[in-house]
Structure formats: C-alpha cells, structure tokens
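# Secondary and tertiary structure notes
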Amino acid sequence: MGQARSSSSPQVILMGLDSAGKSTLLARLLTGQVMDTSPTIGFNVGTLDLDKNTSLTVWDVGGQKSMRSSWRYYLDDCKALVFVVDSSDPGRMGEAQKALKKILSEDNLQGVPLMVLANKKDLPNSMTIREVSTHLDLPSHTDRLWEIQGCSALKGLGLQQAFVSVHKLIRKS
Ligand code: G3D
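Predicted, not measured: the structure shown is a model, and the values here were computed from it.

What counts and what doesn't
- Residues numbered from 1 in each chain as written.
- Predicted model: local features only at pLDDT ≥ 70, side-chain atom pairs only at ≥ 80, totals over all residues.
- Heavy atoms only, no water.
- Helix = DSSP H or I, 4+ residues; strand = E, 2+ residues; numbered from the N terminus.
- Buried < 20%, exposed > 50% of the residue type's maximum accessible area, 1.4 Å probe, protein only.
- Contact = heavy atoms within 4.5 Å.
- Near = heavy atom within 4 Å.
- Polar contact = N/O pair within 3.5 Å; in protein donor to acceptor, adjacent residues only side chain to side chain.
- Areas by Shrake-Rupley, 256 points an atom, 1.4 Å probe, with all protein chains shown as cover.
- Nonpolar A, V, L, I, M, F, W, Y, C, P; charged D, E, K, R; others polar.
- Expected span 1.5 Å × (residues − 1).
- Core = buried A, V, L, I, M, F, W, Y, C linked by side-chain atoms within 4.5 Å.
- UniProt positions renumbered as here; feature names shortened; annotations may be inferred.

### Structural notes on the side chain of Gln97
Residue position: Gln97 is located in helix α3 (residues 93–104). Residue Gln97 is classed as buried on the basis of its relative accessible area of 19%. Apart from the residues lying within four places of it in its own chain, the contact partners of Gln97 are His135, Leu136 and Asp137.

What follows is the structure in structure tokens.
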C-alpha cells in the first residue's frame, strides 16, 4: 500500500465493483495464497513476474463508491485495465456495466486495452462468459483491444493465463 510506482514494468490497473474479488485476486497472484480481505481502504500494489524478462505492476485501486473519484489519478501510466466482475451476481451487472463505461470514457484510457475477468467461476450459479460479455456490453467496444476470461481468485484458477493475455494485449496495442 502506498508504494512508489515502478517504471520498469507496465502498469496495470485492477478495477471493479466492491466484492468483485480484486483483493483476493491480487493477494493470490502475488503470493499464491488467499489472505483475509477487508474492503479496500488504500491501494494495494504488487509486481507480478510472468517470466524472467516480463513483469507487470498491478494496482488494486479499490472498488467502493467513495474510492471511485480517485481512480482517475492512477490512469496516467496505465497500459492495461483489468476489470473484475463477480460472475455469480447478475443483480450487479448493470452497475458494473455503468462503472466500466464510465471509466473507459476517461481521456487517458483511450485505446488502452481491456481485460475483463469474470471472477467466481467456481460458484455453480456463475454466468457464462457470453452472458457476462453481453451484460457488460463488451462487443460495443470497437475502439480498443478487449478480451474476457473466466477465473476464480479464490481457487487461483485462470489467473496466470489471464495476465499472460494482458501482457500480450499490451504488446499488441
Ligand atoms: P474486492 O476486493 O473486489 O472488494 P474481495 O473483493 O477480494 O474482498 O472479495 C469479496 C468476497 O468475495 C470475499 O468473500 C472473497 O473471499 C470472495 N471471493 C473473491 N474471489 C472469489 C472467487 O473466485 N470465488 C468465490 N467463491 N469467492 C470469491 P467474503 O466472504 O470474505 O466477503
């Protein structure tokens, strides 16, 4: 929390509504463990090594409404946006769609690639990738590279692959 931003690896920003699973995901990525999470009050950051030459600096900038106004400050160096959504919560898809649309309308995010992580795929009631994609209106984003992948932050499933894909999106953009 509160560490200086590293310039040596591309900055990736993790966003999403509260309870989407961002803290769990970051903790899992960085340590391979699940830590007890509490609603994010500061910004958690860590460097994820994909291989010996490739790393990403991943920022969890919080999801609570009170934090959303400070997202903008972190966007300047952002090379990719990772938007985490709770795929088991259809009741909040509309809210997630609006939050995503709002953040993507920021000037300094124009052309920045987007990875949507449909989290909580371990839950039996989770929506399919296609359903999540439709709810979030992803096909309308023709002005940037985007991708959607399923994952379970809790079980650690799909995370490494997702961030390898994020790195590929950054290279392509
Ligand atoms: P946030 O940082 O986006 O606000 P958290 O979200 O990481 O705090 O996660 C919110 C809740 O969802 C936590 O449960 C956490 O354990 C759970 N969660 C996160 N990822 C997954 C997942 O992949 N699968 C399942 N089943 N649960 C997940 P609690 O009970 O602590 O609120």
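Anyway, onward from the coordinates.
### Brief notes about the site of the ligand
The environment of the ligand is formed by 17 residues, the closest being Ser19, Lys22, Ser23, Thr24 and Asp122. Backbone polar atom of Ala153 to an oxygen atom of the ligand: 2.9 Å apart, as the coordinates give it. Leu154 places a main-chain nitrogen or oxygen 3.1 Å from an oxygen atom of the ligand. Relative to its free-state accessible area of 660 Å², the ligand is covered by the protein chains to the extent of 71%. At three residues, helix α1 (residues 22–31) tops the list of elements feeding residues into the shell around the ligand. A per-class count over the shell around the ligand returns five nonpolar, eight polar and four charged.

### So, helix α5 (residues 159–172)
An ideal rise of 1.5 Å per residue puts 20 Å on 14 residues; α5 measures up with 20 Å between its terminal C-alpha atoms. Residues of α5 that are buried include every one of Leu159, Ala162, Phe163, Ser165, Val166, His167, Leu169 and Ile170, and no others.

### Describing the nonpolar core
If you look at the biggest cluster of nonpolar residues, it comprises 27 residues, and the most contacted ones within it are Leu81, Leu100 and Leu136. Put simply, the parts of the chain that give this core at least two residues each are β1 (11–15), β4 (78–86), α3 and β5 (114–119). Take this core: its biggest share by element is six residues, from α3. Contacts of Leu81, omitting those with residues within four sequence positions, involve Ile13, Met15, Leu100, Ile103, Leu104, Leu109, Val112, Pro113, Leu114 and Met115.

### Quick notes on the UniProt feature "binding site: Mg(2+)" (unreviewed entry) in the protein
Under the UniProt annotation, "binding site: Mg(2+)" (unreviewed entry) lies at Ser23 and Thr40. Along the chain, Ser23 falls in helix α1. In this structure Ser23 comes out as buried when scored by relative accessible area, which is 18%.

### Some remarks on unusual backbone geometry
With a phi close to 75 degrees, Ser19 is a non-glycine residue in the positive phi region. Note on placement: Ser19 falls in the loop between β1 and α1. Positive phi values are uncommon outside glycine, yet Lys120 reaches one of about 65 degrees. The residue Lys120 is located in the loop between β5 and α4 (129–135) in this model.

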